Amino acid sequence: IFSQVSQAPADPILGLTDTFKADNRAHKVNLGVGIYKDEAGQTPVLKSVKKAEAKLLEIEKTKNYLGIEGVQAYNQVVQTLLFGENSELVKQHRAVTAQAPGGTGALRVAADFLATNTTSKTIWVSNPTWANHQNIFETAGLTVKQYQYYVAATHDMDFDAMLADLDQASAGDIVLLHGCCHNPTGIDLNIEQWKLVGQLCLEKSLLPLFDFAYQGFGAGIEEDAQGLRAVAKVVPELLIANSFSKNFGLYNERIGAVTLVAEDKATAERSFSQIKKTIRSNYSNPPAHGGLIVSTILADDMLKAEWEAELAEMRERIAQMRTLFVDSLKAEGVSQDFSFISRQNGMFSFSGLNKEQVNRLRDEFAIYIVGSGRISVAGLTKDNMPAVCKAIAQVL
Ligand code: PLP
Ligand code: TYF
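Residues numbered from 1 in each chain as written. Chains lettered and ligands numbered in written order. Predicted model: local features only at pLDDT ≥ 70, side-chain atom pairs only at ≥ 80, totals over all residues.

A few words now on the nonpolar core. Grouped together as the largest cluster of nonpolar side chains are 109 residues, with contacts concentrated most on Ala 110, Val 175, Leu 209, Ala 241, Val 258, Val 294 and Val 377. Here the element with the most residues in this core is helix H12 (residues 301-331); it accounts for 8 residues. Counting the residues that make up this core, at least three belong to each of domain 1 (10-43 + 311-395) and domain 2 (65-299). (Core = buried A, V, L, I, M, F, W, Y, C linked by C-beta atoms within 7 Å. Buried ≥ 20, exposed ≤ 12 C-beta atoms within 10 Å, placed from the backbone. Helix = DSSP H or I, 4+ residues; strand = E, 2+ residues; numbered from the N terminus. Domains from an automatic or database assignment.)

Given below as structure tokens:
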């Protein structure tokens, strides 16, 4: 039976990390996968996380199963992060949240829930989008269509083209939106554009599904939620799949959440029963540790302030690297305008480097970036910057 199984292609991003690990060159630089690195090139555990873990180690009395929906307190703090302190829709009990294993798990639960329980069978994703989106949604049985987003020539988005494509969507179709720090382009909608997207979803009865994996990596925790909150104000129903892999540095704890907002409390509760059924058939209930860490930090004013400061430090270091990157390329004699890099948000930059240039960077200089030309700016440091910019100047 197994002899007939064919070889699956490697993940375009995670597969690159495997190739990187096998590379023996000492000066190699990994700017592929989106993992935050500090100035020393490390991804240490946040201090706030270490303190929460120490606290948990002391007070933890059981490893008993969590409920299907996960840590209760966690689900409440997730809603506060998403919708803010005084959210009307939270007060009206229109939102229900289940802990999920990472943003990926949250997206898959949302997709399974939709495919099984609703007439929504088509999902529109931006062109380009995170490589795993199509894989997740198609595996769940949804049809994936693309809306225009990025224009290579201008290194910017084409909002009119995005709206024109979404205007072709049918009532009940799902629209995947990156809440902030669009992966891979780093280009986000402004608040006026978010309102127009909300309006379009309302008028055409489209269902927004927010992928929110980088809250706090753009302009700030509250600032980065403005698009989501603007859309949630307009539409009666939406879904959010959020992740704490990046903003809490909890990558391997697999911690995220799926949140459903319905028109009223009764519909939210009924829908939640089906979300729980989806979870039960996939992994029964989530692992506890990540949810306990996040809820412990956010319930403690001191730890919360420490986390916010650590998140700000990550955000500001990436912003500094953007500026330094643009300046260093210029200093290496690159004549093309790369100033767009300093206008992009979050971990990634769509460099405009082509496949051949990406291959040369890897083969000749041991610098790894994704084939699309996406650079993880979060992997740049003052130490590796000169070598990276020299190499880019060579391949251009
Ligand atoms: N969505 C986007 C846009 C991402 O970049 C990522 C990255 O990991 C995820 C979802 C998945 O998050 P997680 O690693 O928590 O599964
Ligand atoms: O885009 C990235 O680099 C991150 C990490 O299948 C990632 O989102 C990449 C691929 C993948 C899972 C996570």
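Having seen the structure, we can now continue with the description.
Before going further, it helps to spend a moment on helix H14 (residues 385-395). Every buried residue belonging to H14 is among Val 388, Cys 389, Ala 391 and Ile 392, and all of these are buried. Across the axial projection of H14, the buried residues extend over an arc of 160°, all falling on one side. On its buried face, H14 is in contact with strand E1 (29-30), H12, helix H13 (355-365) and strand E12 (367-368). (Arc of directions from axis to C-beta. Contact = placed C-beta atoms within 7 Å.)

In the vicinity of ligand 2, the residues found are Asp 11, Ile 13, Leu 14, Val 33, Gly 34, Trp 130, Asn 132 and Asn 183. Two domains each put at least three residues into the shell around ligand 2: domain 1 (10-43 + 311-395) and domain 2 (65-299). (Near = placed C-beta within 6 Å.)

For the rest of this paragraph, the subject is the packing of helix H11 (residues 289-299) against H12. Two numbers describe how H11 lies on H12: the axes approach to 5 Å, and their chain directions differ by 105°. By the angle between their directions, the pair H11 and H12 is classed as roughly perpendicular. In contact with Thr 296, Ile 297 and Leu 298 of H11, H12 contributes Leu 303, Lys 304 and Trp 307. Counted by class, the contact of H11 with H12 contains 4 nonpolar, 1 polar and 1 charged residues. (Axes fitted to C-alpha atoms, helices over the stretch in contact; angles between N-to-C directions. Parallel < 35°, antiparallel > 145°, perpendicular 65-115°, else oblique. Nonpolar A, V, L, I, M, F, W, Y, C, P; charged D, E, K, R; others polar.)

Turning next to the sheet that holds strand E10 (residues 256-261). Spatially, E2-E10-E9-E8-E7-E3-E4 is the arrangement adopted by the 7 strands of the open sheet, whose pairing is mixed. The strands lining the two open edges of the sheet, one partner per strand, are strand E2 (95-100) and strand E4 (143-148). Averaged over neighbouring strand pairs, the angle between their axes works out to 25° when direction is ignored. Note that strand E3 (residues 122-127) and strand E7 (residues 174-178) share 2 bridges and pair parallel. Residue pairing across strands places Trp 124 opposite Val 175, the latter belonging to E7. With respect to the sheet, helix H10 (residues 265-282) is in contact with E2 and E10, its orientation differing from that of E2 by roughly 15°. (Pairing = 2+ DSSP bridges.)

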